[in-house]
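Summary of structural features
One-letter residues, chain by chain:
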Amino acid sequence: MSFPEKVKKQLELIKKENKEINAVLHVNSQALKEAKEIEKKIKAGKAGKLAGKTIIIKSNINTKGLVVCCASKTLENYTSPYDATVISKIRKEDGLILGMANMDEFACGSSGETSAFGPTKNPVKPELIPGGSSSGSAASVAAGFCDIALGSDTGGSIRNPASHCGVVGIKPSYGLVSRYGLIDLSMSLDQIGPIAKNIDDTLLMLNVIRGKDENDPTTYESDAIKVEKLKKITIGIPKIDADPKIWTLIKKKLQTLKNIEIKEIELPHINLAVQTYYPLVYVEFFSGTRKFDGRRYGKKIEEACGEEVLRRILGGKEISQAEYHGKYYRKALMAKQVIKKEFEKAFNQVDLIVLPTVPRLPHKLGQQISVQEMYNYDTTTIPANLAEIPAMSIPAGLINKIPVGLQIMAPAMQESKMFSLAKMLE
Amino acid sequence: MDEGKIKQQAKDIIDNFVSALEKIETTEQLVERKEDRRHENIPREADPDFHKIMFENAPNKKGDCILAEKGKWTK
């Protein structure tokens with residue numbers, strides 16, 4: 001099958017099935033034309049590393065000429081005037097962007113239900129949530145709409161939907177991938193990363209988008225990420241609350257490996273990750289959204305957004321006003337440092353850490369759950385964001401036919417080690 | 001949406017979270033990064049499409065200006 005034929009097929013699939021799944025918000029009308037150009041390069045032997053791959057982008061990453069709305073009425077008609085650094089890199093390597101993915105509004109959510117344009121359904125189990133906030137990205141991959149998707153992960157927003165949809169999702173180390181052009185949720189925690197059906201495609205994409213970028217001063221130079229043969233490794237298992245059935249599945253999966261030592265580890269404050277995370281997110285989100293005043297583009301955010309976005313804005317405003325006490329934001333920043341140090345200490349004893357991606361099975365779409373319950377979805381993913389380390393979710397198996405993810409965490413900037421274990425488990 | 005209720009809920013959540021953090025013993029550390037600063041002196045090429053698209057996005061325009069001020073300035 002030629003590349004344009006493949007693209008045509010996937011566009012037809014989106015047209016047919018997206019009405020039900022609601023994973024894609026906008027399709028690139030130039031996709032077929034661009035596919036023909038890439039095909040010419042493939043035939044001439046001059047194509048880039050992503051030639052032949054179709055990609056869907058979370059709707060909070062600026063992609064020139066496409067509507068980038070963050071699944072919010074605030075930016076409903078906002079056409080992006082420039083490419084984020086990750087998009088420029090994808091285009092340079094001849095990746096084809098098929099469209100923009102649905103998501104939780106402004107990445108505020110863990111279920112895929114807070115989009116102003118309707119919830120995304122889980123392609124594996126349509127009655128269940130797909131997870132969030134990169135709901136449309138993970139669902140697009142699971143539904144076969146594209147080969148690879150990009151998401152953003154502030155507290156688990158790539159890994160959580162990857163787990164629920166039975167695909168692979170990567171949160172890179174803080175500083176590995178440029179966030180220039182990402183409409184931020186929380187700048188001190190956000191990372192952009194890939195989602196795909198297999199590890200190789202996520203590795204391919206991560207190698208394309210990583211690297212230092214002058215437009216994002218938090219980025220570093222990095223070496224190519226490779227899968228290596230691990231001789232003998234020690235895997236740490238932290239004590240963290242999760243559904244016992246999920247823990248059993250994870251441990252069973254680890255038993256399939258040879259030459260590994262499993263060690264229980266102590267991360268004394270890991271169970272305070274959620275409490276550390278939200279004060280940071282509320283304040284940084286409040287600050288980051290002040291530009292959405294409706295004067296130069298879009299609408300005023302407080303007048304157009306949904307409940308969860310408003311909660312974070314109002315909470316962030318409240319904290320900012322009370323900040324002279326140093327009670328909230330600075331306290332949370334200091335707690336972040338403590339958790340980060342605990343991980344550094346743990347990685348002196350073990351090579352990698354394995355735990356469930358999500359501590360519970362996904363709820364039914366539309367089922368009412370409390371704010372606290374929703375926030376608790378991310379108890380096992382947030383620690384990696386606070387510690388600024390890489391983490392990935394790979395499928396571990398099924399419980400009641402529902403996909404469950406196994407999460408691997410590695411020391412900062414040691415993605416190769418993480419991918420190497422993932423390949424052993426694939 | 002009841003804005004007052006949401007605001008109170010947000011405050012309660014944060015108070016609850018921060019009281020849990022009181023248990024953590026911490027000392028403040030400041031990190032100042034001197035390297036990796038942006039080179040503002042290197043000129044960038046302007047993209048003519050940027051101007052065109054941003055003007056299409058803007059709700060209020062006058063000639064070659066986007067009217068982003070509030071109140072009487074817009075009149």
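Residues numbered from 1 in each chain as written. Chains lettered and ligands numbered in written order. Predicted model: local features only at pLDDT ≥ 70, side-chain atom pairs only at ≥ 80, totals over all residues.

Turning our attention to the packing of helix α10 (residues 307–322) of chain A against helix α1 (residues 3–21) of chain B. Orientation of α10(A) relative to α1(B), taken along the N-to-C sense of each, is 60 degrees, at an axis distance of 8 Å. α10(A) and α1(B) meet at a crossing whose hand is right-handed. In this structure, α10(A) contributes E307(A), L310(A), R311(A), L314(A), G315(A), E318(A) and I319(A) to the contact, and α1(B) contributes I6(B), K7(B), Q9(B), A10(B), K11(B), I13(B) and I14(B). Across the contact of α10(A) with α1(B), the residue classes tally to seven nonpolar, two polar and five charged. (Axes fitted to C-alpha atoms, helices over the stretch in contact; angles between N-to-C directions. Helix = DSSP H or I, 4+ residues; strand = E, 2+ residues; numbered from the N terminus. Left-handed = near helix turned anticlockwise from the far one by under 90°. Contact = placed C-beta atoms within 7 Å. Nonpolar A, V, L, I, M, F, W, Y, C, P; charged D, E, K, R; others polar.)

Moving on, we get to the interface of chain A and chain B. Interface size is commonly expressed as the accessible surface area that is lost when the partners come together. Chain A puts 33 residues into the contact, and the matching count from chain B is 31 residues. Breaking the side of chain A that touches chain B down by element, the ones donating at least two residues are α8 (273–288), α10 and α11 (329–349) of chain A. Looking at the side of chain A that touches chain B element by element, the count peaks at seven residues for α10(A). Looking at side-chain class alone, the side of chain A that touches chain B contains 18 nonpolar, seven polar and eight charged residues.

All names here are of chain A. At a minimum axis separation of 8 Å, helix α1 (residues 3–21) and helix α2 (residues 31–44) run at an interaxial angle of 155 degrees. Classed by the angle they form, the pair α1 and α2 counts as roughly antiparallel. As α1 packs across α2, the resulting crossing turns out to be right-handed. Side by side, α1 and α2 meet where F3, P4, V7, K8 and L11 of the first sit next to A31, L32, A35, K36, I38, E39 and I42 of the second. Grouping the constituent residues of the contact of α1 with α2 by class yields nine nonpolar, no polar and three charged. (Parallel < 35°, antiparallel > 145°, perpendicular 65-115°, else oblique.)

In this section: the sheet that holds strand β3 (residues 96–101) of chain A. Residue and element names in this part refer to chain A. Strand order in this open sheet of eleven strands is β1-β3-β2-β4-β6-β5-β10-β11-β9-β7-β8, and the pairing throughout is mixed. In the strand order of this sheet, the two ends are held by β1 (24–27) and β8 (260–265), each with one partner. Here the strands of the sheet are splayed against their neighbours by 30 degrees on average, with no regard to which way each runs. Here helix α6 (residues 199–209) sits on the sheet and contacts β4 (148–153), β5 (168–171), β6 (191–196) and β10 (391–399); the angle it forms with β6, its principal contact strand, is near 150 degrees. (Pairing = 2+ DSSP bridges.)

All right, on to the domain arrangement of chain A then. Residues and elements named next belong to chain A. Here the domain parsing of chain A yields domain 1 (1–231 + 356–426) and domain 2 (274–322). Taking the mean C-alpha position of each, domain 1 and domain 2 sit 24 Å from one another. With 25 residues of domain 1 in contact, the opposing surface of domain 2 contributes 20 residues. Listed by contribution, the elements that provide at least two residues to the side of domain 1 that touches domain 2 are α12 (371–376) and α13 (382–387). (Domains from an automatic or database assignment.)

Okay, unusual backbone geometry next. Residues and elements named next belong to chain A. Omega for the peptide link from G132 to S133 comes to 10 degrees, which places this bond in the cis form. Assignment of secondary structure puts S133 in the loop between β3 and α4 (135–143). Positive phi is not limited to glycine here, since C70 has a value of about 55 degrees. In this fold, C70 is placed in the loop between β2 (54–58) and α3 (85–92). C70 gets classed as buried once you count the C-beta atoms within 10 Å, which come to 31. Unusually for a residue other than glycine, M413 sits at a positive phi of about 65 degrees. On the secondary structure map, M413 appears in the loop between β11 (402–409) and α14 (415–425). The partly exposed category is assigned to M413, around which 19 C-beta atoms lie within 10 Å. (Buried ≥ 20, exposed ≤ 12 C-beta atoms within 10 Å, placed from the backbone.)

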